Amino acid sequence: MADAIQRLVGLLRQLPSVGEKTAARLVFYILSSPAEYGKALSGAIEDVVERVKPCRICGNLSEHSPCPVCADPKRDETTICVVEKVQDLMAIEASNEYRGVYHVLRGNLSPLDGKGPEQIGVDGLLDRLPGNVRELILATSSSVEGEATALYLKKRIASMNIKISRIASGIPVGGELEYVDRGTLGRALAGRREMQ
């Protein structure tokens, strides 16, 4: 293979879930497409790298700071939803059920990986809490690290006069009970609520 092809394959392999064959397939797709496509793709990647940055308030990725969520005057600034990554924020936004603001952590606490409170941006969250914040929704994952992060945040915030809640977890809409794992089923039972 030409050096330029090998270099691009090597760079694409660094992307999550992209192995050698997939990277090569992508490179050959780009090469078999009109040159304008490759140039447009290159320009789009360059634009993203140059123009998209974390919001100075919440950590959301945006071309502007504050981001559109933080800049929206219709948002309820008394409620902050804490998520692990921007993709989680996007998923919650897609539900059209939440009208508060966010704080995007840089992952979860993971001492074995050298990720403590400083590395995931806990101080930025704590700086936002004095004032008019009434509720903090902890929307970290239900993994061991996500649960540990939620517990850590709860303990750090416990002395403040802020309601702390955790997103519910359990059976997906349309899910069949027989196919749900025991941990999820147990959590759904433990987190049950009265029918309205």
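Look up a bit, the structure's there.
Here the structure is a predicted model, which means the values were calculated and not measured.

## Quick look at the overall build of the protein chain
When you go through the protein chain residue by residue, the secondary structure sums to nine helices and six strands. Radius of gyration (C-alpha) of the protein chain: 21 Å, far over the 16 Å computed for a compact globule of 196 residues. Projecting the C-alpha coordinates of the protein chain onto the three principal axes gives extents of approximately 60 × 45 × 35 Å. Taken across its 196 residues, the protein chain has 31% of its residues classed as buried. Taking the intrachain contacts of the protein chain between residues at least 6 apart in sequence as the baseline, contacts between residues at least 24 apart amount to 47%. As displayed, the protein chain offers around 13500 Å² of accessible surface, 56% of which is attributable to carbon and sulfur atoms. Distance between charge centres in the protein chain, computed from 25 positive and 25 negative side chains, equals 2 Å.

## Quick look at helix 1 (residues 3-13)
What helix 1 keeps buried is the set Ile5, Val9 and Leu12. Buried residues of helix 1, seen end-on, are gathered within an arc of 65° and therefore sit on one face of the element. In helix 1, the exposed positions angled more than 90 degrees off the buried face are occupied by Asp3, Ala4 and Arg7. Buried residues along helix 1 sit in contact with helix 2 (20-32).

## Focus: the environment of aspartate 72
Mapping aspartate 72 onto the fold places it in the loop between helix 4 (68-71) and strand 3 (76-83). Sequence spacing of aspartate 72 and serine 110 is 38 residues, and the spatial spacing of their C-alpha atoms is 33 Å. Polar side-chain contacts of aspartate 72 include one of 2.8 Å to the backbone nitrogen of lysine 74.

Parameters at a glance
Sequence order as written defines the numbering, with residues in each chain counted from 1. Only residues with pLDDT of at least 70 are given local features in this predicted model, and only at 80 or more are side-chain atom pairs given and counted; all residues enter the totals for whole chains, interfaces and linings. Processing note: side-chain calculations cover all non-hydrogen atoms of the structure and skip hydrogens and water entirely. The helix count covers DSSP runs of H or I at least four residues long, the strand count covers runs of E at least two residues long, and both are numbered beginning at the N terminus. Every radius of gyration here is taken over C-alpha atoms, with the globule rule written as 2.2 Å times N^0.38, N being the number of residues. Only protein chains enter the area calculation, which uses a 1.4 Å probe; residues under 20% of their type maximum are buried, those over 50% are exposed, and those in between are partly exposed. The contact definition used throughout considers only heavy atoms, calling two residues in contact when any of these lie within 4.5 Å. To be clear on the numbers: accessible area is Shrake-Rupley with a 1.4 Å probe, and residue cover counts the displayed protein chains and nothing else. As used throughout, the charge tally considers Lys and Arg to be positive and Asp and Glu to be negative, leaving His and the chain termini uncounted. The atoms used to mark charge sites are NZ of Lys, CZ of Arg, CG of Asp and CD of Glu. Of all possible arcs, the one meant is that of the directions from the helix axis to the C-beta atoms. Any pair of N or O atoms that falls within 3.5 Å is considered a polar contact. Within protein, one atom must be able to donate a hydrogen and the other to accept it, and sequence-neighbouring residues count only if both atoms are side-chain atoms.

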